[in-house]
Amino acid sequence: NDRDYALPNFGSSGSLADHWNQLIDTSYETLSATQCPAQGMVPNWATIDVINGEIRHTGGSFSGSGTPQWEYGSEASRTTWRVTIDAALYPSEMNA
């Protein structure tokens, strides 16, 4: 299959901004679900699912690039960079 990079048709279920905000919110919910409770860092790779309407870390095992799944490494460091950039560019939205 060829990838389709066209903007999807969301119908009448909200504006494009609403859909972007939903994506942002679920992305942060995913990070929260996969964080190490003791240190707050995310692993290189994590498996998730929606259980009772909440995003949950399922604990499955895999590695997408050969990096250790449960470690904070080169794959996970991208997350730190992206969250930092988000906070720098949109400081008023960090606690919204």
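On a predicted model such as this, the values are computed, not experimentally measured, just so you know.

**Section: the pattern of salt bridges**
Part 1: Enumeration over the complete set of coordinates arrives at two salt bridges.
Part 2: Here Arg 56 makes a salt bridge to Glu 54, at a shortest N to O gap of 2.6 Å.
Part 3: Note on Arg 56: relative accessible area 40%, which makes it partly exposed.
Part 4: Close ionic contact of Arg 78 with Glu 75 constitutes a salt bridge, the shortest N to O distance being 3.5 Å. Here Glu 75 and Arg 78 lie together in helix 2 (residues 74-89), a separation of three residues that amounts to about one turn.

**Section: unusual backbone geometry**
Part 1: In this structure, Asn 52 is a non-glycine residue whose phi angle is positive, near 50 degrees.
Part 2: For Asn 52, the location among the structural elements is in the loop between strand 1 (48-51) and strand 2 (54-57).
Part 3: Look at Asn 52 and you get exposed, because its relative accessible area is 78%.

**Brief notes about the pairing of strand 1**
Part 1: Examined bridge by bridge, strand 1 and strand 2 share four bridges and lie antiparallel to one another. Bridge pairing links Ile 51 to Glu 54 in strand 2.
Part 2: Hairpin connection, strand 1 to strand 2: the antiparallel pair is bridged by two residues, and Asn 52 has positive phi, about 50 degrees.

**A closer look at the confidence of the model for the protein chain**
Part 1: Residues with a pLDDT of 70 or more make up 93% of the protein chain, whose mean pLDDT is 84.
Part 2: Summarising per-element confidence for the protein chain, the mean pLDDT is lowest in helix 1 (residues 16-34) (89) and highest in strand 1 (92).

**Looking at the side chain of His 19**
Part 1: You can see His 19 is positioned in helix 1.
Part 2: Once residues lying within four places of it in the same chain are set aside, the contact partners of His 19 are Phe 10, Ser 13 and Gly 14.

**Section: the environment of Ile 55**
Part 1: Examined against the element boundaries, Ile 55 turns out to sit in strand 2.
Part 2: Taking the C-alpha atoms as reference points, Ile 55 and Ser 32, 23 residues apart in sequence, are found 8.9 Å from one another.
Part 3: Look past the residues within four positions of Ile 55 in its chain and what remains in contact with it is Thr 26, Glu 29, Thr 30, Ala 33, Ile 48, Asp 49 and Val 50.

**Concerning a nonpolar patch on the surface**
Part 1: A surface patch of nonpolar side chains, amounting to about 510 Å² of accessible area, comprises Leu 7, Phe 10, Leu 16, Trp 20 and Leu 23.
Part 2: Relative to the assigned elements, Leu 7 resides in the segment before helix 1.

Conventions adopted
- Residues numbered from 1 in each chain as written.
- Predicted model: local features only at pLDDT ≥ 70, side-chain atom pairs only at ≥ 80, totals over all residues.
- Heavy atoms only, no water.
- Salt bridge = Lys/Arg side-chain N within 4 Å of Asp/Glu carboxyl O.
- Buried < 20%, exposed > 50% of the residue type's maximum accessible area, 1.4 Å probe, protein only.
- Helix = DSSP H or I, 4+ residues; strand = E, 2+ residues; numbered from the N terminus.
- Pairing = 2+ DSSP bridges.
- pLDDT = per-residue confidence, 0-100.
- Contact = heavy atoms within 4.5 Å.
- Patch = residues over 30% accessible without salt bridge, like charges linked within 9 Å, V, L, I, M, F, W, Y side chains within 5 Å.
- Areas by Shrake-Rupley, 256 points an atom, 1.4 Å probe, with all protein chains shown as cover.

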